[in-house]
Amino acid sequence: KAPALDSGGVNWNADGLRLVATRSRRGRSDLVTIDVATGAVSERAGGGTWGSPHWTADGSILAEYTDYATPSEFRIVH
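These notes cover the structure that comes with them.

## Comments concerning the pairing of strand β5 (residues 49-55)
Logical step 1: Across five bridges, β5 lies against strand β6 (residues 61-67) in antiparallel orientation. Counterpart to Trp 55 in the pairing with β6 is Ile 61.
Logical step 2: Linking β5 to β6, which pair antiparallel, is a turn of five residues; within it Gly 59 sits at a positive phi near 90°.

Quick look at the structure:
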């Protein structure tokens, strides 16, 4: 059974095997991937607040990032 996940911004990978999402915990939003077959959740980037994640053609993730010292910007996570 997949673990409970307070998530948002869920987006499928083109291969249909993975999801990218944001996971809310303790006032932050981490960027995570989820293996559809197993439900395994892997943190890809933590800290601050992540939003609007989308897969790129090369399998990287483009998402919005902000924290208390960084204005909103788009970042690519490989």
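## Some thoughts on the packing of aromatic side chains
Logical step 1: Under the criterion given, the structure shown has one aromatic pair.
Logical step 2: Consider the rings of Trp 50 and Tyr 65, whose centres lie 4.7 Å apart with planes at 55°: the pair is tilted. Placement of Trp 50 in strand β5 and of Tyr 65 in strand β6 is noted, with a sequence separation of 15 residues between them. There is no split in this pair, since Trp 50 and Tyr 65 are both buried.

## Comments concerning the nonpolar core
Logical step 1: Grouped together as the largest cluster of nonpolar side chains are nine residues: Val 20, Leu 31, Ala 45, Trp 50, Trp 55, Ile 61, Ala 63, Tyr 65 and Val 77.
Logical step 2: Contributing elements (two or more residues each) for this core: β5 and β6.
Logical step 3: Here this core gets three residues from one element, more than from any other, and that element is β6.
Logical step 4: Sequence-distant contacts of Ala 45, defined by excluding residues within four places in its chain, comprise Asp 30, Leu 31, Trp 50 and Val 77.

How each quantity is defined
Residues numbered from 1 in each chain as written. Predicted model: local features only at pLDDT ≥ 70, side-chain atom pairs only at ≥ 80, totals over all residues. Heavy atoms only, no water. Pairing = 2+ DSSP bridges. Helix = DSSP H or I, 4+ residues; strand = E, 2+ residues; numbered from the N terminus. Phe/Tyr/Trp six-rings, centres within 6.5 Å; stacked < 30°, edge-to-face > 60°. Buried < 20%, exposed > 50% of the residue type's maximum accessible area, 1.4 Å probe, protein only. Core = buried A, V, L, I, M, F, W, Y, C linked by side-chain atoms within 4.5 Å. Contact = heavy atoms within 4.5 Å.

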